[in-house]
Amino acid sequence: MDAALATAYVKRDFERSCTITSMAKWLHRSDLWFTRPMYKLEAADEGKQTKFVRERLPHLKKE
């Protein structure tokens, strides 16, 4: 998870807004690290991933 996704999640589920920078700092202070994956697992179910993104993160989905 990266800071932008964490920010969007908090805004959607908790109706609280913050900047990406403040979220990144909060994650770091909480000893939580975030990275964007550089690869895709071969065994991952493409259908389940697509469904998750469509249902949980529709505004962040990249076409």
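**Focus: the overall build of the chain**
- Of regular secondary structure, the chain possesses 3 helices and 0 strands.
- Looking at the chain as a whole, 13% of its 63 residues qualify as buried.
- Within the chain, contacts between residues separated by at least 24 positions form 47% of all contacts whose residues are at least 6 apart in sequence.
- In the structure as shown, the chain presents an accessible area of about 5700 Å², 59% of it carried by carbon and sulfur atoms.

**Section: the pattern of salt bridges**
- Inspection of the entire model under this criterion finds 1 salt bridge.
- Two residues, Arg 12 and Asp 13, come together in a salt bridge whose shortest N-O distance is 2.7 Å.

**As for the side chain of Thr 7**
- Relative to the elements of secondary structure, Thr 7 occurs in helix H1 (residues 3-14).
- Residue class for Thr 7 comes out buried when judged on its relative accessible area of 12%.
- For Thr 7, the residues in contact, after removing those within four places along its chain, are Cys 18, Thr 19, Ile 20 and Met 23.

**Concerning the packing of aromatic side chains**
- This structure, assessed with the given rule, holds 1 aromatic pair.
- Seen from their ring centres, Tyr 9 and Phe 14 are 5.9 Å apart, and the 80° between their planes marks the pair as edge-to-face.

**Quick look at the packing of H1 against helix H2 (residues 20-29)**
- Remark: H1 packs on H2, axes separated minimally by 9 Å, with the N-to-C direction vectors making an angle of 100°. Our classification of the angle between H1 and H2 gives roughly perpendicular. The residues of H2 that touch H1, namely those facing Ala 3, Ala 4, Ala 6, Thr 7 and Val 10, are Ile 20, Met 23, Ala 24 and Leu 27.
- Looking at the contact of H1 with H2 residue by residue, the classes come out as 8 nonpolar, 1 polar and no charged.

**Things to note about the environment of Leu 5**
- Of note, Leu 5 is situated in helix H1.
- For Leu 5, a relative accessible area of 26% corresponds to the partly exposed category.
- C-alpha separation for the pair Leu 5 and Ile 20, spaced 15 residues apart in sequence, amounts to 8.8 Å.

About the cut-offs
Residues numbered from 1 in each chain as written. Predicted model: local features only at pLDDT ≥ 70, side-chain atom pairs only at ≥ 80, totals over all residues. Heavy atoms only, no water. Helix = DSSP H or I, 4+ residues; strand = E, 2+ residues; numbered from the N terminus. Buried < 20%, exposed > 50% of the residue type's maximum accessible area, 1.4 Å probe, protein only. Contact = heavy atoms within 4.5 Å. Areas by Shrake-Rupley, 256 points an atom, 1.4 Å probe, with all protein chains shown as cover. Salt bridge = Lys/Arg side-chain N within 4 Å of Asp/Glu carboxyl O. Phe/Tyr/Trp six-rings, centres within 6.5 Å; stacked < 30°, edge-to-face > 60°. Axes fitted to C-alpha atoms, helices over the stretch in contact; angles between N-to-C directions. Parallel < 35°, antiparallel > 145°, perpendicular 65-115°, else oblique. Nonpolar A, V, L, I, M, F, W, Y, C, P; charged D, E, K, R; others polar.

Keep in mind these values describe shape, not function.
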